[in-house]
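Examination of the molecular architecture
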Amino acid sequence: MAEKVLDVKDLNVTFETYQGSVQAVRGVSFHVNRKETVGIVGESGCGKSVTIRTVMGLHQKSPGAVMRGEALFEGRDVLKMNDKEIMDILGNRMSMIFQDPFTFLNPTMQVGRQITETYLRHHRVSGREAHEKALSILRLISFPNPEQNMKRYPHQLSGGMRQRIMIAMALICEPAVLFADEPTTALDVTIQAQIIDLMNSLKDKTDTSIVLITHDMGVVAKMVDRLYVMYAGKIVEHGSADALFHRPRHPYTWGLLDSVPRLDERTKEELHSIPGMPPDLIDPPAGCPFAARCRYAMKICQRQMPSQFSLDGEGHAAACWMCHPEYVERFGETGREGRQNEK
């Protein structure tokens, strides 16, 4: 049985505002096994980043943040840790690659110093030892001319090189879990492909698990072992990457997949989009949050939120009334192919 390095159970995060309580994350559960890549996908504002930042303990002191549930990292609940305990694991056992490296890199410091300061914070070593460790990490990720480029400042490096610096900063302490929040969004397609290949190779060279947060289904297709689809603060479908790309069962997952441009098909049709807007999480709907945008919505979808129905006995599940055993028995399995034939 695979070893779970991270196990999140029934996570709820609410932010108290002047307008009301924003229920940003509602009953989210997921796990990450050692040396596994897990993807969390969904539209902007669906709760992906809030979930991950809460799991990392970054919302512990946020004004108005109320958290319930468990976030077990290596057997310890992050939500119950004090500030010192969180600081001991951040950048050490847990690390994050942020979306825009130019925002998070210090423009007044050489990049080499920015890499080594994390290592010096968590390990009692000399500056020379930290420098050698930084060099070894940069060589591991195929960073060009590491000795010379460590002396440069962020503005002197290309976007791809700055992203590799962020990866080196995240990896230098050999974390158990590496979170990557939209790591390729600010890069052109060629550099995106290089970063994806780089992160794929890291699993073979280290014991690090990767959690990829993105809205780009094309990126996760090349990287993840398992996938969680998130909408309006909830997980609406999850399973292996193969299951969700070839046998998706939730209408929202169909919409995400249909919105990816296809280069292998000649068509004059416009790009597909999901009509409507996500619900207001100050006053979320009682039923399925996607019901107002779903062409297959039934009366029960408006009234009651479906539970996660198991689909194949291998971890694939979806929160959709069309996946209820009684629905499947009466009407048959509803798949993405049938939806496309109705267009």
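Use the structure listed above.
Residues numbered from 1 in each chain as written. Predicted model: local features only at pLDDT ≥ 70, side-chain atom pairs only at ≥ 80, totals over all residues. Heavy atoms only, no water.

**Section: the overall build of the protein**
Across its full length, the protein holds 14 helices and twelve strands. At 21 Å, the protein has a C-alpha radius of gyration in line with the 20 Å of a compact globule built from 343 residues. The buried share of the protein, taken over its 343 residues, is 51%. Pairs at least 24 apart in sequence give 64% of the contacts found in the protein among residues at least 6 apart. When the accessible surface of the protein is totalled, it reaches about 17,100 Å², and 49% of it is carbon and sulfur. Positive and negative side-chain charges of the protein, numbering 41 and 42 respectively, have mean locations separated by a distance of 3 Å. (Helix = DSSP H or I, 4+ residues; strand = E, 2+ residues; numbered from the N terminus. Rg over C-alpha atoms; globule rule 2.2 N^0.38 Å. Buried < 20%, exposed > 50% of the residue type's maximum accessible area, 1.4 Å probe, protein only. Contact = heavy atoms within 4.5 Å. Areas by Shrake-Rupley, 256 points an atom, 1.4 Å probe, with all protein chains shown as cover. Lys, Arg positive; Asp, Glu negative; His and termini not counted. Charge placed at Lys NZ, Arg CZ, Asp CG, Glu CD.)

**Notes on helix α4 (residues 111-122)**
Along α4, the residues that are buried comprise V111, G112, Q114, I115, T116, T118, Y119 and H122. Against the buried residues of α4 lie α2 (83-89), α5 (127-140), α6 (146-149) and α7 (159-171).

**Remarks on unusual backbone geometry**
For residues that are not glycine, phi is negative in most cases, and the peptide bond is trans in most cases. Its identity is not glycine, yet S142 carries a phi of approximately 60°, on the positive side. Its location among the elements puts S142 in the loop between α5 and α6.

**Concerning the nonpolar core**
Judged by nonpolar contacts, the single largest core of 104 residues is most densely connected at L6, F30 and F179. If we skip the residues at most four places from it in the chain, F179 touches L6, I52, V55, M56, M94, S95, M96, I97, V211 and I213. (Core = buried A, V, L, I, M, F, W, Y, C linked by side-chain atoms within 4.5 Å.)

**A look at the packing of α4 against α7**
Any two packed helices are characterised by the angle at which their axes cross and by the distance between the axes. Interhelical geometry of α4 versus α7 gives an angle of 20° and a closest axis separation of 8 Å. One way to sum up the angle between α4 and α7 is to call them roughly parallel. Here the hand of the crossing between α4 and α7 comes out right-handed. Together, V111, Q114, I115 and T118 of α4 and I165, A168 and M169 of α7 make up the contact between the two elements. In the contact of α4 with α7, the residues fall into five nonpolar, two polar and no charged. (Axes fitted to C-alpha atoms, helices over the stretch in contact; angles between N-to-C directions. Parallel < 35°, antiparallel > 145°, perpendicular 65-115°, else oblique. Left-handed = near helix turned anticlockwise from the far one by under 90°. Nonpolar A, V, L, I, M, F, W, Y, C, P; charged D, E, K, R; others polar.)

**Some details on the sheet that holds strand β2 (residues 21-33)**
The strand order β2-β1-β4-β5 describes an open sheet built from four strands, whose pairing is antiparallel. Looking at which strands have only one partner, the edges of the open sheet turn out to be β2 and β5 (76-77). Of the strands in this sheet, β1 (4-16), β2 and β4 (65-73) touch helix α1 (residues 48-55), which is tilted by about 115° from β1. (Pairing = 2+ DSSP bridges.)

**Considering the environment of C288**
Tracing the chain through its elements places C288 in the loop between α11 (251-258) and α12 (299-303). For C288, a relative accessible area of 11% translates into the label buried. Here the alpha-carbon distance between C288 and P306, two residues 18 residues apart in the chain, equals 6.7 Å. If we skip the residues at most four places from it in the chain, C288 touches C301, Q304, M305 and P306.

**Observations regarding the packing of α7 against helix α8 (residues 189-205)**
The N-to-C vectors of α7 and α8 enclose an angle of 20°; their axes lie 10 Å apart at closest approach. As the angle between them shows, α7 and α8 are arranged roughly parallel. For α7 against α8, the interelement crossing comes out right-handed. Packed against α7, whose contacting residues are G160, Q163, R164, I167 and L171, the element α8 presents I191, Q194, I195, L198, M199 and L202 at the interface. For the contact of α7 with α8, the class distribution of residues is seven nonpolar, three polar and one charged.

**Let's talk about the side chain of T206**
Of note, T206 is situated in the loop between α8 and β8 (209-214). Of the residues examined, T206 reaches a relative accessible area of 18% and is grouped as buried. Only 3.3 Å separates the side chain of T206 from the backbone nitrogen of T208, close enough to count as a polar contact. Beyond its immediate chain neighbours, meaning those up to four positions away, T206 contacts K35 and L140. (Polar contact = N/O pair within 3.5 Å; in protein donor to acceptor, adjacent residues only side chain to side chain.)

**Topic: the pairing of strand β6 (residues 94-97)**
Residues of β6 alternate between two faces, with M94 and M96 on one and S95 and I97 on the opposite face, all of them buried. Sheet topology note: the β6/strand β7 (residues 177-181) ladder contains four bridges and is parallel. Its bridge partner being in β7, S95 is matched across the sheet by L178.

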